[in-house]
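Understanding the architecture of this molecule
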Amino acid sequence: MTGQNARRVTVVPNGPVLVEGPVELVTDDGVTHSSDRFVVAVCACRRSKRFPFCDTSHRKRVRTDAAEHQDDSS
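Residues numbered from 1 in each chain as written. Predicted model: local features only at pLDDT ≥ 70, side-chain atom pairs only at ≥ 80, totals over all residues. Heavy atoms only, no water.

Attention shifts here to the pattern of salt bridges. Counting across every chain of the model gives 1 salt bridge. For glutamate 20, the salt bridge identified is with arginine 8, shortest N-O distance 3.7 Å. Highlighted residues: glutamate 20 in strand β2 (residues 17-20) and arginine 8 in the segment before β1 (9-11), separated in sequence by 12 residues. Looking at arginine 8, the relative accessible area reads 56%, which means it is exposed. (Salt bridge = Lys/Arg side-chain N within 4 Å of Asp/Glu carboxyl O. Helix = DSSP H or I, 4+ residues; strand = E, 2+ residues; numbered from the N terminus. Buried < 20%, exposed > 50% of the residue type's maximum accessible area, 1.4 Å probe, protein only.)

Here you go:
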């Protein structure tokens with residue numbers, strides 16, 4: 001697939017999936033969500049209050065392995 005119909009999808013480590021818009025997303029309950037933004041951030045952690053769109057809730061999460069390393073260095 002090339003040209004005008006191709007969409008770029010970028011997976012951000014520990015973050016959202018970025019999709020070039022406009023997009024229509026169909027969630028597992030059958031609801032269609034539309035966005036006409038240039039780039040759409042799709043939630044990959046399911047913590048977003050705006051799911052299926054990312055609201056950066058993943059940034060508030062503390063990784064357990066990072067917390068363990070902090071405890072070991074004390």
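As a further point, take the pairing of strand β5 (residues 39-42). Only one face of β5 is covered, namely the one carrying Val40 and Val42; the face carrying Val39 and Ala41 has none of its residues buried. When β2 meets β5, the two strands line up antiparallel, connected through 4 bridges. Bridge pairing in β5 links glutamate 20 to valine 39. (Pairing = 2+ DSSP bridges.)

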